[in-house]
Amino acid sequence: MKIVTIVGARPQFIKCAPVSRALRAEHEEILVHTGQHYDANMSEVFFTELAIPAPDYNLGIGSGPQGEQTGRMLAEIEKVLQKEQPDMVLVYGDTNSTLAGALAAVKLHILVAHVEAGLRSFDRSMPEEINRIMADHISDLLFCPTQTAVDNLAAEGITKGVYLTGDVMVDALLYNTGIAEQSSTVLEDLNLELEQDLVKGEYYVATVHRASNTDTEKNLSSIVEAFGEIGLPIVFPAHPRTVKYLKEYGLYDRLPENITLTEPLPYLDMLHLMRHAKMILTDSGGVQKEAYILKVPCVTLRENTEWVETLDDGWNVLVGANRERIVDMARRMVPNAQQQMDLFGKGESAVRICELMQSLSLPGTKITGSSFQQK
Ligand code: UDP
């Protein structure tokens, strides 16, 4: 089987690592990097650290307005697909690279497989939500991380080609946590050394990059003020987009003293830092889920989440960009039960996805629209 995989943004590099490893054991994979994320610490470092093979194509699209960026990707991906003639195109998550990859493939009558299908925030003001909906409706194979995702698709009339596979980010996390524990020096580097035998440190980790938080001065100011009020050390690895807006709003040079703003961290450092944190403050999808699996309480700086399971038992709480709510929850949030450890899979999702791709692309398997029928 020949697969063209389309990636372009940080979370997609992390998701593709376990799947590429499993796929390449038996199949040919052509990796296309759209160039959506291009800074070394948002892209290259993940390829090196997670041993992802170098992309066969780097489209170098870079940043840009939504339509322009997606349109340029669409045009370039189409050329690659025409040249490579794959059996299937594999896309991940909810970025413009996901939508462009799926759209280019379906128009060329190439099968589309979507990893992380069926997630919904039910907030159409998020560009990611539009990308998810569109990609799901044109995919042939929909690999869902959770039962909620399967149910979301059913509610939109998508039932054929839908598989509950668990979450490939869990594969990545389980594979790398031990490696991070052995190799990362991030705690020492940031002077956050844990007292002997203490698993949790007295610090928070924060990430902020959703457009609803960064592109609105009121929201970003409110979040930064809340972080200051929390008082304890907060390590804040900042996304390039967040740095841009912190500068634009004049916040960058007057951040509260308890905030340590860093460059985006490599994955192993990020995992290690999160694992030992007292709490996580984030608007990231992936980080909310990682917090849950790492048993770290999470305050989510959004009004909704696609990962609704993390809200059960109080491990995650939604507070939006409201200063009082952020501070209140960061100070007094205590989960009320154990996590359900298998909620997002057991770390075997990538292998399952590859097996499904293989069995469903065998000769004799007829695919019509989004449905698979054995002849
Ligand atoms: N991440 C990282 N370094 C950072 C911030 C995040 O390695 O400085 C990882 C994080 O652990 C998770 C993924 O990036 O695996 C989440 O990506 P992001 O928050 O950019 O995207 P989202 O999940 O919101 O789509």
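Everything below is about the structure printed above this text.
What comes next is a walk through the structure.

Conventions adopted
- Residues numbered from 1 in each chain as written.
- Predicted model: local features only at pLDDT ≥ 70, side-chain atom pairs only at ≥ 80, totals over all residues.
- Heavy atoms only, no water.
- Pairing = 2+ DSSP bridges.
- Helix = DSSP H or I, 4+ residues; strand = E, 2+ residues; numbered from the N terminus.
- Axes fitted to C-alpha atoms, helices over the stretch in contact; angles between N-to-C directions.
- Phe/Tyr/Trp six-rings, centres within 6.5 Å; stacked < 30°, edge-to-face > 60°.
- Buried < 20%, exposed > 50% of the residue type's maximum accessible area, 1.4 Å probe, protein only.
- Lys NZ or Arg CZ within 6 Å of the ring centre and 35° of its normal.
- Core = buried A, V, L, I, M, F, W, Y, C linked by side-chain atoms within 4.5 Å.
- Contact = heavy atoms within 4.5 Å.
- Salt bridge = Lys/Arg side-chain N within 4 Å of Asp/Glu carboxyl O.
- Expected span 1.5 Å × (residues − 1).
- Parallel < 35°, antiparallel > 145°, perpendicular 65-115°, else oblique.
- Left-handed = near helix turned anticlockwise from the far one by under 90°.

1. Description of the sheet that holds strand β12 (residues 298–300)
Consideration 1: With parallel pairing, the six strands of this open sheet are ordered in space as β10-β9-β8-β11-β12-β13. In this open sheet, the two strands that pair with only one neighbour each are β10 (259–262) and β13 (316–318). Taken over all neighbouring pairs, the strand axes of this sheet differ in orientation by 20 degrees on average, direction set aside.
Consideration 2: Bridging between β12 and β13 involves three bridges; their strand directions are parallel. What sits directly across from V299, in β13, is V317.

2. Examining the packing of aromatic side chains
Any aromatic ring pair is given by two values, namely how distant the centres are and how the planes are angled relative to each other.
Consideration 1: For the structure shown, the criterion picks out six aromatic pairs.
Consideration 2: Considering the side-chain rings of W307 and F344, the 5.7 Å spacing of their centres and the 75 degrees angle between planes classify their relative orientation as edge-to-face. Separated by 37 residues along the polypeptide, W307 in the loop between β12 and β13 and F344 in the loop between α14 (323–332) and α15 (349–360) bring together distant segments of the chain. The exposure classification of W307 matches that of F344, with both residues buried.
Consideration 3: A connected cluster of aromatic rings, assembled from ring pairs, spans Y292, W307 and F344.
Consideration 4: Stacked on the ring of Y175, the Lys or Arg R21 has its end atom at 3.9 Å from the ring centre.
Consideration 5: Directly above the aromatic system of Y252 lies the positively charged group of K247, at a separation of 4.7 Å from the ring centroid.

3. Looking at the pairing of strand β11 (residues 279–282)
Strand residues, when the strand is regular, have side chains that alternate between the two faces of the sheet.
Consideration 1: Burial of the side chains of β11 extends over both faces: M279 and L281 are buried on one face and I280 and T282 on the other.
Consideration 2: Sheet topology places strand β8 (residues 204–207) next to β11; four bridges connect them, and they run parallel. Within β11, the residue paired with T207 across the bridge is T282.
Consideration 3: Inspection of the sheet shows β11 paired to β12 by three bridges, in the parallel sense.

4. A look at the nonpolar core
A general feature of soluble globular proteins is that nonpolar side chains tend to end up buried together.
Consideration 1: V19, L90, L273 and M357 are the most contacted members of the largest nonpolar core, which has 67 residues in total.
Consideration 2: Every residue in contact with V19, bar those within four places of it in the chain, is listed here: L90, Y92, V168, A350, I353 and C354.
Consideration 3: In terms of nonpolar packing, the next biggest core, distinct from the first, is built from 31 residues, Y204, A206, A226 and A330 among them.

5. Some remarks on the pattern of salt bridges
Consideration 1: What the rule picks out here adds up to 21 salt bridges.
Consideration 2: Between D136 and R120 there is a salt bridge whose closest N-O contact spans 2.9 Å. With a gap of 16 residues between them, D136 in helix α5 (residues 127–137) and R120 in the loop between β5 (111–115) and α5 connect regions that are remote in the sequence.
Consideration 3: The shortest N-O distance in the salt bridge between E306 and R302 comes to 2.4 Å.
Consideration 4: On the basis of relative accessible area, R302 is assigned to the buried category, the value being 4%.
Consideration 5: When salt bridges that share partners are traced, they join D94, E129, R132, R302 and E306 into one network.

6. Here we look at helix α3 (residues 66–84)
Consideration 1: Between its terminal C-alpha atoms α3 stretches 27 Å, which fits the 27 Å expected from 19 residues at 1.5 Å a residue.
Consideration 2: Residues of α3 that are buried sit in contact with β1 (2–7), β2 (28–33), β3 (57–58), β4 (88–92) and α4 (96–107).
Consideration 3: Q85 lies just past α3 and shows a positive phi near 50 degrees.

7. Comments concerning the packing of helix α1 (residues 10–24) against α15
Consideration 1: Contact geometry of α1 with α15 gives a least axis separation of 8 Å together with a crossing angle of 50 degrees. Looking at the two axes, α1 sits oblique to α15. Once α1 is placed against α15, the crossing between them reads as right-handed. Within the contact between the two elements, α1 uses P18, V19, A22 and L23 and α15 uses A350, V351, I353, C354 and M357.

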